[in-house]
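Structural overview
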Amino acid sequence: MTTPDPDGLLAEQLLRLTRRVHRIQKRHLERHDLGITPAQSRLLRTLAHYASPPRMADLAARLEVVPRAVTTLVDGLEAHGKVRRVPDPANRRVTRIELTDEGRTTLRKLRGARRSAAEEILAPLTEKERQVLGVLLDTLVEGDGGQRC
């Protein structure tokens, strides 16, 4: 007989939740007819936080992915007119990525898709449970590292 592994159960629950969130987000993106993948939507949202167009290496670091992954995402978004590559004014060897007007429009629609996906995911929770979940998620995201007693 084996003893229960509560940490293993939690890890499995987190993985299952992650997969569910991904599926629901993908379905809502498709429903809103945005023509982008969840990974592309993440890149667009990240790009919108920059005051000036970033380099691909900056995006890769912020997204915590390899630069090649960013290249693939930018290629797809550029093909659909949502971003464009622009030369760096100070160094012509550097390419920067900027949102197009179509990309900004897609971001506005994306907010609606994300909002409706979040409503679906959080529907079973009461307002109090949502607040507690928010605090717990903040702790996990910040990586408190077990500093609490």
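Just so you know, the residues in each chain are numbered from 1, in the order the chain's sequence is written. Since the coordinates come from a predicted model, pLDDT governs what is reported: local features require at least 70, and pairs of side-chain atoms require 80 or more to be given and counted, while whole-chain, interface and lining totals use all residues. Hydrogen atoms and water are omitted, and side-chain values are computed over all heavy atoms in the structure.

What follows is about the overall build of the protein chain. Secondary structure elements follow DSSP: runs of H or I of four or more residues count as helices, runs of E of two or more count as strands, with numbering from the N terminus. Helix and strand content of the protein chain: 6 helices and 2 strands. Overall size of the protein chain, expressed as C-alpha extent along the three principal axes, is 65 × 35 × 30 Å. Out of the 149 residues belonging to the protein chain, those deemed buried represent 28%. Looking at the protein chain as shown, the accessible area adds up to about 10600 Å², and 55% of this sits on carbon and sulfur atoms. Only four residue types enter the tally: Lys and Arg on the positive side, Asp and Glu on the negative side; His and the chain ends are excluded. For the purpose of locating charges, the reference atoms are NZ of Lys, CZ of Arg, CG of Asp and CD of Glu. On the protein chain, the mean spot of the 27 positive side-chain charges and the mean spot of the 20 negative ones are 5 Å from each other. Here's how the labels work: a residue is buried when its accessible area is under 20% of the maximum for its type, exposed when over 50%, partly exposed in between, all with a 1.4 Å probe on protein chains only. All accessibility values rest on the Shrake-Rupley procedure with a 1.4 Å probe; residue burial counts only the protein chains present in the view.

A few words on the environment of histidine 22. If you trace the backbone, histidine 22 turns up in helix 1 (residues 6-31). On the accessibility criterion, histidine 22 (42% relative accessible area) is partly exposed. Residues histidine 22 and proline 38, 16 residues apart in the sequence, show an inter-C-alpha distance of 7.6 Å.

This paragraph deals with helix 6 (residues 127-142). One fewer than the residue count of a helix, multiplied by 1.5 Å, yields its expected span. For helix 6, with 16 residues, the first-to-last C-alpha span of 23 Å sits near the 22 Å given by 1.5 Å per residue. Taken from the residues just after helix 6, glycine 143 is the one with a positive phi, measuring 65°.

Of all hydrophobic cores here, the largest spans 20 residues; its most connected members are Leu43, Leu44, Val70, Val74, Val83 and Ile97. At the level of secondary structure, the elements contributing two or more residues to this core comprise helix 2 (38-47), helix 3 (56-63), helix 4 (67-79), strand 2 (95-99) and helix 5 (101-122). When residues no more than four places from it in sequence are discounted, the contact partners of valine 83 are Leu44, Leu47, Val74, Leu77, Glu78, Ile97, Glu98, Leu99 and Thr100. Among the buried residues, those of types Ala, Val, Leu, Ile, Met, Phe, Trp, Tyr and Cys that are joined through side-chain atoms within 4.5 Å form a nonpolar core. Pairs of residues are marked as contacts when any of their non-hydrogen atoms sit within 4.5 Å.

UniProt positions are given in the numbering used here, feature names are shortened, and annotations may be inferred rather than shown by experiment. The UniProt entry lists residues 7-142 under the feature "domain: HTH marR-type" (unreviewed entry), expressed in the numbering used here. Split by type, residues 7-142 is 69% helix and 7% strand. Its first and last C-alpha atoms lie 19 Å apart.

A cluster of nonpolar side chains, contributed by Leu14, Leu137 and Leu140, occupies part of the molecular surface with about 280 Å² of accessible area. With respect to the helices, strands and loops of the structure, leucine 14 is situated in helix 1. Like-charged residues within 9 Å of one another, or nonpolar side chains (Val, Leu, Ile, Met, Phe, Trp, Tyr) within 5 Å, are grouped into patches, provided each residue has over 30% relative accessible area and no salt bridge. When a carboxyl oxygen of Asp or Glu lies within 4 Å of a side-chain nitrogen of Lys or Arg, that pair is called a salt bridge.

Here the structure, examined in full by the defined rule, presents 9 salt bridges. Of the charged contacts in the structure, one is a salt bridge between arginine 19 and glutamate 12, with a shortest N-O distance of 3.6 Å. Judged by its relative accessible area of 43%, arginine 19 is partly exposed. A relative accessible area of 37% places glutamate 12 in the partly exposed class. A salt bridge links glutamate 120 to arginine 27; its shortest N-O distance comes to 2.3 Å. Separated by 93 residues along the polypeptide, glutamate 120 in helix 5 and arginine 27 in helix 1 bring together distant segments of the chain. Its relative accessible area of 34% is what places arginine 27 among the partly exposed residues. Each of Asp75, Glu78 and Arg85 takes part in salt bridges that share partners, so that together they form one network.

Bringing the packing of helix 3 against helix 4 into the picture now. To get an axis, a line is fitted to the C-alpha atoms, and for a helix only the part in contact is used. The angle between two axes follows their N-to-C directions and goes from 0 to 180 degrees. At their nearest, the axes of helix 3 and helix 4 sit 8 Å apart, and the two run at 110° to each other. In this view, helix 3 runs roughly perpendicular relative to helix 4, as classed from their interaxial angle. Of helix 4, the residues touching helix 3 (which contributes Met56, Leu59, Ala60 and Leu63) are Pro67, Val70, Thr71 and Val74. In this classification, the charged set is Asp, Glu, Lys and Arg, the nonpolar set is Ala, Val, Leu, Ile, Met, Phe, Trp, Tyr, Cys and Pro, and all remaining amino acids, among them Gly, are polar. Of the residues assigned to the contact of helix 3 with helix 4, the class counts are 7 nonpolar, 1 polar and no charged. Roughly parallel means an angle under 35 degrees; roughly antiparallel, over 145; roughly perpendicular, 65 to 115; everything else is oblique.

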